[in-house]
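A closer look at the structure
Spelled out, the chains give:
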Number of protein chains: 2
Amino acid sequence: MKLYGMRASGNCYKALLAASMLGIELEWIETDLFQGETRTPQFLAKNPNGKVPLLELDDGRGLAESNAILCYLADGTPLLPSGRFERAQVLQWLFFKQYSHEPYVAVARFIAKFLPIDHPRRADLPRLREKSREALAVMDGELATRAYLAESGFSVADIALFAYTHEAPAAGISLDEFPHVTAWLSRVRAMPGFIPQ
Amino acid sequence: MKLYGMRASGNCYKALLAASMLGIELEWIETDLFQGETRTPQFLAKNPNGKVPLLELDDGRGLAESNAILCYLADGTPLLPSGRFERAQVLQWLFFKQYSHEPYVAVARFIAKFLPIDHPRRADLPRLREKSREALAVMDGELATRAYLAESGFSVADIALFAYTHEAPAAGISLDEFPHVTAWLSRVRAMPGFIPQ
(Lines give C-alpha, C1' and ligand atoms only; values in the text may rest on other atoms or scores of the structure.)
Protein backbone atom coordinates (compact mmCIF):
# COMPACT_ATOMS: atom_id res chain seq x y z
CA MET A 1 0.00 0.00 0.00
CA LYS A 2 1.05 3.58 -0.66
CA LEU A 3 0.57 6.46 1.74
CA TYR A 4 0.56 9.96 0.26
CA GLY A 5 1.45 12.38 3.01
CA MET A 6 3.44 15.35 4.21
CA ARG A 7 5.76 14.40 7.03
CA ALA A 8 5.36 17.73 8.87
CA SER A 9 1.61 17.07 9.23
CA GLY A 10 0.45 15.39 12.44
CA ASN A 11 -2.42 13.75 10.57
CA CYS A 12 0.02 12.13 8.14
CA TYR A 13 2.43 11.19 10.92
CA LYS A 14 -0.28 9.37 12.81
CA ALA A 15 -1.06 7.09 9.85
CA LEU A 16 2.64 6.27 9.65
CA LEU A 17 2.77 5.71 13.43
CA ALA A 18 -0.22 3.35 13.32
CA ALA A 19 1.32 1.35 10.47
CA SER A 20 4.59 1.07 12.39
CA MET A 21 2.85 -0.08 15.58
CA LEU A 22 0.81 -2.61 13.59
CA GLY A 23 3.81 -3.89 11.65
CA ILE A 24 2.29 -2.86 8.30
CA GLU A 25 4.69 -1.78 5.57
CA LEU A 26 3.67 1.28 3.58
CA GLU A 27 5.35 3.03 0.70
CA TRP A 28 5.55 6.70 1.72
CA ILE A 29 5.06 9.27 -1.03
CA GLU A 30 5.92 12.75 0.20
CA THR A 31 3.21 15.14 -1.05
CA ASP A 32 3.74 18.78 -0.20
CA LEU A 33 0.47 20.64 0.13
CA PHE A 34 2.30 23.97 0.46
CA GLN A 35 3.65 23.32 -3.07
CA GLY A 36 0.15 22.58 -4.39
CA GLU A 37 0.85 18.85 -4.80
CA THR A 38 -2.57 17.94 -3.35
CA ARG A 39 -4.33 20.12 -5.93
CA THR A 40 -2.96 18.66 -9.15
CA PRO A 41 -5.47 16.93 -11.48
CA GLN A 42 -3.64 13.63 -10.83
CA PHE A 43 -4.02 13.93 -7.07
CA LEU A 44 -7.62 15.21 -7.21
CA ALA A 45 -8.49 12.09 -9.22
CA LYS A 46 -7.30 10.07 -6.23
CA ASN A 47 -8.88 12.30 -3.55
CA PRO A 48 -11.49 14.83 -4.75
CA ASN A 49 -11.20 16.60 -1.37
CA GLY A 50 -7.55 17.39 -2.21
CA LYS A 51 -6.05 16.42 1.14
CA VAL A 52 -3.37 14.20 2.59
CA PRO A 53 -2.98 11.64 4.01
CA LEU A 54 -4.38 9.36 1.35
CA LEU A 55 -4.00 5.59 1.51
CA GLU A 56 -3.86 3.82 -1.85
CA LEU A 57 -4.51 0.09 -1.76
CA ASP A 58 -2.64 -2.30 -4.04
CA ASP A 59 -5.73 -2.55 -6.26
CA GLY A 60 -5.77 1.24 -6.72
CA ARG A 61 -8.70 2.07 -4.42
CA GLY A 62 -8.12 5.15 -2.30
CA LEU A 63 -9.08 5.96 1.26
CA ALA A 64 -8.95 9.51 2.62
CA GLU A 65 -9.32 11.03 6.12
CA SER A 66 -6.57 10.10 8.54
CA ASN A 67 -8.91 8.65 11.17
CA ALA A 68 -10.62 6.41 8.62
CA ILE A 69 -7.16 5.24 7.51
CA LEU A 70 -6.30 4.38 11.14
CA CYS A 71 -9.50 2.32 11.41
CA TYR A 72 -8.76 0.53 8.15
CA LEU A 73 -5.21 -0.31 9.18
CA ALA A 74 -6.25 -1.48 12.66
CA ASP A 75 -9.37 -3.42 11.65
CA GLY A 76 -9.23 -6.94 13.08
CA THR A 77 -6.60 -6.02 15.71
CA PRO A 78 -6.98 -4.98 19.38
CA LEU A 79 -6.24 -1.39 18.32
CA LEU A 80 -9.81 -1.28 16.98
CA PRO A 81 -11.85 -3.58 19.23
CA SER A 82 -14.64 -5.61 17.63
CA GLY A 83 -17.25 -5.29 20.40
CA ARG A 84 -20.12 -3.01 19.46
CA PHE A 85 -19.77 -0.61 22.40
CA GLU A 86 -15.98 -0.84 22.64
CA ARG A 87 -15.54 0.00 18.96
CA ALA A 88 -18.01 2.88 19.19
CA GLN A 89 -16.10 4.25 22.18
CA VAL A 90 -12.87 4.31 20.17
CA LEU A 91 -14.76 6.15 17.42
CA GLN A 92 -16.11 8.57 20.02
CA TRP A 93 -12.54 9.60 20.81
CA LEU A 94 -11.65 9.89 17.12
CA PHE A 95 -14.58 12.25 16.58
CA PHE A 96 -13.70 14.15 19.76
CA LYS A 97 -10.22 14.60 18.33
CA GLN A 98 -11.59 15.81 15.03
CA TYR A 99 -14.03 18.32 16.47
CA SER A 100 -12.93 19.38 19.96
CA HIS A 101 -9.15 18.95 19.83
CA GLU A 102 -7.55 19.29 16.41
CA PRO A 103 -9.31 22.53 15.30
CA TYR A 104 -7.67 24.19 18.31
CA VAL A 105 -4.40 22.41 19.17
CA ALA A 106 -3.32 21.70 15.59
CA VAL A 107 -4.34 25.12 14.31
CA ALA A 108 -2.59 26.89 17.21
CA ARG A 109 0.52 24.80 16.48
CA PHE A 110 0.39 25.72 12.80
CA ILE A 111 0.08 29.43 13.51
CA ALA A 112 2.71 29.47 16.27
CA LYS A 113 5.20 27.26 14.42
CA PHE A 114 4.87 28.24 10.76
CA LEU A 115 3.43 31.77 10.42
CA PRO A 116 5.56 34.96 10.68
CA ILE A 117 5.67 36.67 14.05
CA ASP A 118 3.61 39.63 12.74
CA HIS A 119 0.96 37.55 10.95
CA PRO A 120 -2.62 38.70 11.69
CA ARG A 121 -3.79 35.13 12.47
CA ARG A 122 -1.63 35.28 15.61
CA ALA A 123 -4.50 37.28 17.11
CA ASP A 124 -6.48 33.99 17.17
CA LEU A 125 -3.92 32.28 19.42
CA PRO A 126 -5.40 33.18 22.85
CA ARG A 127 -8.83 31.79 21.95
CA LEU A 128 -7.35 28.70 20.27
CA ARG A 129 -5.16 28.01 23.31
CA GLU A 130 -8.11 28.40 25.67
CA LYS A 131 -10.19 25.91 23.64
CA SER A 132 -7.16 23.60 23.45
CA ARG A 133 -6.90 23.62 27.23
CA GLU A 134 -10.58 22.68 27.49
CA ALA A 135 -9.97 19.62 25.29
CA LEU A 136 -6.83 18.67 27.21
CA ALA A 137 -8.75 19.00 30.49
CA VAL A 138 -11.34 16.50 29.24
CA MET A 139 -8.55 14.07 28.31
CA ASP A 140 -6.76 14.64 31.62
CA GLY A 141 -9.89 13.87 33.60
CA GLU A 142 -10.44 10.60 31.76
CA LEU A 143 -6.76 9.61 31.90
CA ALA A 144 -6.83 10.12 35.69
CA THR A 145 -8.96 6.98 35.86
CA ARG A 146 -7.30 4.66 33.35
CA ALA A 147 -4.13 4.21 31.28
CA TYR A 148 -5.58 4.81 27.81
CA LEU A 149 -8.45 6.81 26.36
CA ALA A 150 -10.85 3.99 25.54
CA GLU A 151 -11.87 1.60 28.31
CA SER A 152 -10.81 -1.37 26.14
CA GLY A 153 -7.15 -0.33 26.37
CA PHE A 154 -4.59 1.04 23.94
CA SER A 155 -6.22 1.80 20.59
CA VAL A 156 -6.12 3.98 17.51
CA ALA A 157 -7.80 6.66 19.67
CA ASP A 158 -4.50 7.03 21.55
CA ILE A 159 -2.52 7.19 18.31
CA ALA A 160 -4.89 9.79 16.85
CA LEU A 161 -4.77 12.03 19.91
CA PHE A 162 -1.04 11.56 20.48
CA ALA A 163 -0.21 13.09 17.10
CA TYR A 164 -1.07 16.67 17.99
CA THR A 165 -1.16 16.49 21.80
CA HIS A 166 2.58 15.85 21.95
CA GLU A 167 3.02 19.05 19.94
CA ALA A 168 0.95 21.19 22.32
CA PRO A 169 4.09 22.92 23.68
CA ALA A 170 4.96 23.94 20.10
CA ALA A 171 1.52 25.58 20.04
CA GLY A 172 2.43 27.53 23.17
CA ILE A 173 0.32 25.34 25.45
CA SER A 174 2.08 24.02 28.53
CA LEU A 175 1.27 20.45 29.51
CA ASP A 176 2.37 21.03 33.12
CA GLU A 177 -1.22 21.45 34.27
CA PHE A 178 -2.22 18.13 32.67
CA PRO A 179 -0.14 15.51 34.51
CA HIS A 180 -2.26 12.55 33.40
CA VAL A 181 -1.92 13.61 29.78
CA THR A 182 1.85 13.91 30.24
CA ALA A 183 2.10 10.42 31.75
CA TRP A 184 -0.05 9.02 28.94
CA LEU A 185 2.22 10.60 26.29
CA SER A 186 5.12 8.71 27.91
CA ARG A 187 3.16 5.45 27.84
CA VAL A 188 2.42 5.90 24.13
CA ARG A 189 6.09 6.65 23.41
CA ALA A 190 7.02 3.37 25.17
CA MET A 191 4.73 1.22 22.99
CA PRO A 192 6.36 -1.32 20.62
CA GLY A 193 6.75 0.12 17.14
CA PHE A 194 6.66 3.75 18.28
CA ILE A 195 8.39 6.17 15.94
CA PRO A 196 8.89 9.87 16.70
CA GLN A 197 7.54 12.54 14.37
CA MET B 1 -31.86 3.48 25.58
CA LYS B 2 -32.05 7.20 26.29
CA LEU B 3 -30.93 9.94 23.95
CA TYR B 4 -30.12 13.31 25.48
CA GLY B 5 -30.41 15.93 22.77
CA MET B 6 -31.68 19.28 21.61
CA ARG B 7 -34.17 18.92 18.79
CA ALA B 8 -33.01 22.11 17.00
CA SER B 9 -29.51 20.61 16.62
CA GLY B 10 -28.74 18.77 13.39
CA ASN B 11 -26.34 16.48 15.24
CA CYS B 12 -29.09 15.42 17.64
CA TYR B 13 -31.65 15.08 14.85
CA LYS B 14 -29.40 12.73 12.93
CA ALA B 15 -29.19 10.29 15.85
CA LEU B 16 -32.98 10.32 16.04
CA LEU B 17 -33.22 9.88 12.25
CA ALA B 18 -30.83 6.90 12.32
CA ALA B 19 -32.80 5.26 15.14
CA SER B 20 -36.04 5.77 13.22
CA MET B 21 -34.60 4.30 10.01
CA LEU B 22 -33.20 1.35 11.96
CA GLY B 23 -36.42 0.75 13.88
CA ILE B 24 -34.73 1.35 17.24
CA GLU B 25 -36.83 2.90 20.00
CA LEU B 26 -35.14 5.62 22.03
CA GLU B 27 -36.38 7.66 24.94
CA TRP B 28 -35.72 11.30 23.97
CA ILE B 29 -34.67 13.65 26.75
CA GLU B 30 -34.70 17.25 25.58
CA THR B 31 -31.52 18.93 26.86
CA ASP B 32 -31.21 22.62 26.04
CA LEU B 33 -27.59 23.68 25.75
CA PHE B 34 -28.62 27.33 25.47
CA GLN B 35 -30.10 26.97 28.99
CA GLY B 36 -26.85 25.44 30.31
CA GLU B 37 -28.36 21.96 30.66
CA THR B 38 -25.25 20.30 29.18
CA ARG B 39 -23.03 21.98 31.81
CA THR B 40 -24.71 20.82 35.00
CA PRO B 41 -22.68 18.52 37.30
CA GLN B 42 -25.21 15.74 36.60
CA PHE B 43 -24.76 16.01 32.85
CA LEU B 44 -20.97 16.42 32.99
CA ALA B 45 -20.84 13.17 34.97
CA LYS B 46 -22.45 11.51 31.94
CA ASN B 47 -20.40 13.36 29.30
CA PRO B 48 -17.28 15.22 30.54
CA ASN B 49 -17.16 17.06 27.20
CA GLY B 50 -20.52 18.65 28.04
CA LYS B 51 -22.20 18.11 24.69
CA VAL B 52 -25.31 16.58 23.21
CA PRO B 53 -26.27 14.20 21.74
CA LEU B 54 -25.43 11.60 24.37
CA LEU B 55 -26.68 8.03 24.15
CA GLU B 56 -27.22 6.29 27.48
CA LEU B 57 -27.44 2.51 27.33
CA ASP B 58 -29.81 0.58 29.58
CA ASP B 59 -26.85 -0.41 31.80
CA GLY B 60 -25.95 3.27 32.31
CA ARG B 61 -22.91 3.43 30.02
CA GLY B 62 -22.77 6.60 27.95
CA LEU B 63 -21.65 7.23 24.39
CA ALA B 64 -20.97 10.74 23.10
CA GLU B 65 -20.26 12.18 19.63
CA SER B 66 -23.14 11.95 17.20
CA ASN B 67 -21.18 10.05 14.54
CA ALA B 68 -20.03 7.42 17.06
CA ILE B 69 -23.67 7.07 18.15
CA LEU B 70 -24.69 6.48 14.51
CA CYS B 71 -22.05 3.75 14.20
CA TYR B 72 -23.19 2.13 17.45
CA LEU B 73 -26.84 2.13 16.40
CA ALA B 74 -26.07 0.80 12.89
CA ASP B 75 -23.46 -1.81 13.87
CA GLY B 76 -24.41 -5.17 12.39
CA THR B 77 -26.75 -3.65 9.78
CA PRO B 78 -26.14 -2.67 6.13
CA LEU B 79 -26.04 0.97 7.24
CA LEU B 80 -22.55 0.25 8.58
CA PRO B 81 -21.09 -2.43 6.29
CA SER B 82 -18.84 -5.05 7.85
CA GLY B 83 -16.22 -5.29 5.09
CA ARG B 84 -12.92 -3.73 6.06
CA PHE B 85 -12.70 -1.27 3.16
CA GLU B 86 -16.43 -0.65 2.91
CA ARG B 87 -16.68 0.21 6.60
CA ALA B 88 -13.63 2.47 6.41
CA GLN B 89 -15.15 4.29 3.45
CA VAL B 90 -18.31 5.05 5.47
CA LEU B 91 -16.05 6.37 8.25
CA GLN B 92 -14.17 8.46 5.69
CA TRP B 93 -17.42 10.30 4.91
CA LEU B 94 -18.22 10.72 8.60
CA PHE B 95 -14.83 12.34 9.18
CA PHE B 96 -15.25 14.44 6.02
CA LYS B 97 -18.55 15.64 7.48
CA GLN B 98 -16.93 16.45 10.79
CA TYR B 99 -13.98 18.37 9.39
CA SER B 100 -14.80 19.70 5.92
CA HIS B 101 -18.59 20.15 6.04
CA GLU B 102 -20.08 20.79 9.47
CA PRO B 103 -17.64 23.52 10.61
CA TYR B 104 -18.85 25.56 7.64
CA VAL B 105 -22.43 24.59 6.75
CA ALA B 106 -23.65 24.09 10.33
CA VAL B 107 -21.88 27.17 11.66
CA ALA B 108 -23.17 29.33 8.79
CA ARG B 109 -26.68 28.00 9.48
CA PHE B 110 -26.35 28.79 13.18
CA ILE B 111 -25.19 32.35 12.52
CA ALA B 112 -27.74 33.04 9.76
CA LYS B 113 -30.67 31.44 11.59
CA PHE B 114 -30.13 32.25 15.26
CA LEU B 115 -27.93 35.36 15.65
CA PRO B 116 -29.27 38.96 15.43
CA ILE B 117 -28.96 40.72 12.09
CA ASP B 118 -26.27 43.08 13.46
CA HIS B 119 -24.20 40.40 15.21
CA PRO B 120 -20.44 40.74 14.48
CA ARG B 121 -20.13 37.01 13.64
CA ARG B 122 -22.18 37.68 10.52
CA ALA B 123 -18.93 38.99 9.04
CA ASP B 124 -17.77 35.34 8.94
CA LEU B 125 -20.63 34.30 6.66
CA PRO B 126 -18.98 34.91 3.24
CA ARG B 127 -15.95 32.75 4.13
CA LEU B 128 -18.11 30.05 5.75
CA ARG B 129 -20.38 29.93 2.71
CA GLU B 130 -17.41 29.66 0.36
CA LYS B 131 -15.96 26.73 2.35
CA SER B 132 -19.44 25.18 2.50
CA ARG B 133 -19.69 25.30 -1.27
CA GLU B 134 -16.30 23.57 -1.55
CA ALA B 135 -17.60 20.69 0.60
CA LEU B 136 -20.88 20.53 -1.34
CA ALA B 137 -18.92 20.45 -4.61
CA VAL B 138 -16.97 17.40 -3.40
CA MET B 139 -20.24 15.66 -2.52
CA ASP B 140 -21.85 16.69 -5.81
CA GLY B 141 -18.95 15.25 -7.80
CA GLU B 142 -19.19 11.91 -6.01
CA LEU B 143 -23.00 11.78 -6.18
CA ALA B 144 -22.79 12.32 -9.94
CA THR B 145 -21.42 8.77 -10.18
CA ARG B 146 -23.61 6.87 -7.69
CA ALA B 147 -26.81 7.11 -5.63
CA TYR B 148 -25.25 7.33 -2.16
CA LEU B 149 -22.01 8.60 -0.68
CA ALA B 150 -20.31 5.28 0.10
CA GLU B 151 -19.87 2.78 -2.71
CA SER B 152 -21.56 0.08 -0.59
CA GLY B 153 -24.90 1.95 -0.81
CA PHE B 154 -27.10 3.82 1.64
CA SER B 155 -25.34 4.13 5.01
CA VAL B 156 -24.95 6.25 8.14
CA ALA B 157 -22.71 8.49 6.01
CA ASP B 158 -25.81 9.63 4.13
CA ILE B 159 -27.73 10.18 7.38
CA ALA B 160 -24.84 12.17 8.88
CA LEU B 161 -24.42 14.41 5.87
CA PHE B 162 -28.16 14.81 5.28
CA ALA B 163 -28.64 16.43 8.69
CA TYR B 164 -26.97 19.74 7.85
CA THR B 165 -26.93 19.60 4.04
CA HIS B 166 -30.72 19.84 3.87
CA GLU B 167 -30.41 23.03 5.95
CA ALA B 168 -27.90 24.68 3.60
CA PRO B 169 -30.56 27.10 2.25
CA ALA B 170 -31.17 28.24 5.86
CA ALA B 171 -27.45 29.04 5.94
CA GLY B 172 -27.86 31.20 2.85
CA ILE B 173 -26.32 28.61 0.53
CA SER B 174 -28.32 27.78 -2.57
CA LEU B 175 -28.34 24.14 -3.60
CA ASP B 176 -29.27 25.01 -7.20
CA GLU B 177 -25.67 24.63 -8.34
CA PHE B 178 -25.46 21.12 -6.81
CA PRO B 179 -28.10 19.09 -8.69
CA HIS B 180 -26.70 15.71 -7.62
CA VAL B 181 -26.81 16.75 -3.98
CA THR B 182 -30.41 17.93 -4.44
CA ALA B 183 -31.44 14.60 -6.01
CA TRP B 184 -29.67 12.71 -3.22
CA LEU B 185 -31.54 14.71 -0.54
CA SER B 186 -34.78 13.57 -2.18
CA ARG B 187 -33.61 9.95 -2.16
CA VAL B 188 -32.81 10.15 1.55
CA ARG B 189 -36.21 11.70 2.30
CA ALA B 190 -37.86 8.78 0.49
CA MET B 191 -36.13 6.11 2.62
CA PRO B 192 -38.30 3.98 4.95
CA GLY B 193 -38.35 5.40 8.46
CA PHE B 194 -37.43 8.93 7.37
CA ILE B 195 -38.57 11.66 9.76
CA PRO B 196 -38.22 15.39 9.05
CA GLN B 197 -36.30 17.64 11.44
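Residues numbered from 1 in each chain as written. Chains lettered and ligands numbered in written order. Predicted model: local features only at pLDDT ≥ 70, side-chain atom pairs only at ≥ 80, totals over all residues.

1. What about the environment of B:Lys14?
All names here are of chain B. Within the fold, Lys14 resides in helix α1 (residues 10-22). Residues Lys14 and Ser152 lie 138 residues apart in sequence; the distance between their C-alpha atoms is 20 Å. When near neighbours in sequence (up to four residues on either side) are disregarded, Lys14 contacts Ser66, Leu70, Ile159, Ala160 and Ala163. (Helix = DSSP H or I, 4+ residues; strand = E, 2+ residues; numbered from the N terminus. Contact = placed C-beta atoms within 7 Å.)

2. Side note on unusual backbone geometry
Residues and elements named next belong to chain A. Note that the residue after Val52, namely Pro53, is joined by a cis bond; omega there is 5°. When you line up the elements, Pro53 lands in the loop between α2 (41-46) and β3 (54-56). At Glu65, a position not held by glycine, the phi torsion is positive, near 70°. By the element assignment, Glu65 lies in the loop between β4 (62-64) and α3 (66-74).

3. Here we look at the pairing of strand β1 (residues 2-5) of chain B
All names here are of chain B. Here four bridges tie β1 to strand β2 (residues 27-30), and the two strands are oriented parallel to one another. Pairing of Gly5 across the sheet is with Glu30, part of β2. Note on the crossover from β1 through α1 to β2: the handedness is right-handed. Relative to strand β3 (residues 54-56), β1 runs antiparallel, the two sharing three bridges. (Pairing = 2+ DSSP bridges. Right-handed = clockwise from strand over helix to strand, strands pointing away.)

4. Describing the sheet that holds β1(B)
All names here are of chain B. Across the sheet, which stays open at both edges, the four strands sit in the order β2-β1-β3-β4 with mixed pairing between neighbours. Looking at strand neighbours, the two that pair on one side only are β2 and β4 (62-64), the edges of this open sheet. Taking each pair of neighbouring strands and ignoring which way they run, the sheet shows an average axis angle of 20°. (Axes fitted to C-alpha atoms, helices over the stretch in contact; angles between N-to-C directions.)

5. Structural notes on the relation of the copies chain A and chain B
Rotating chain A by 180° and moving it 0.0 Å along the rotation axis overlays it on chain B with an RMSD of 0.0 Å. Within this description, the copies of the chain are treated as partners about a two-fold rotation axis. By residue overlap, the copies meet face to face through one surface: 100% of the interface positions of chain A are interface positions in chain B. (Least-squares fit on C-alpha atoms with pLDDT ≥ 70 in both.)

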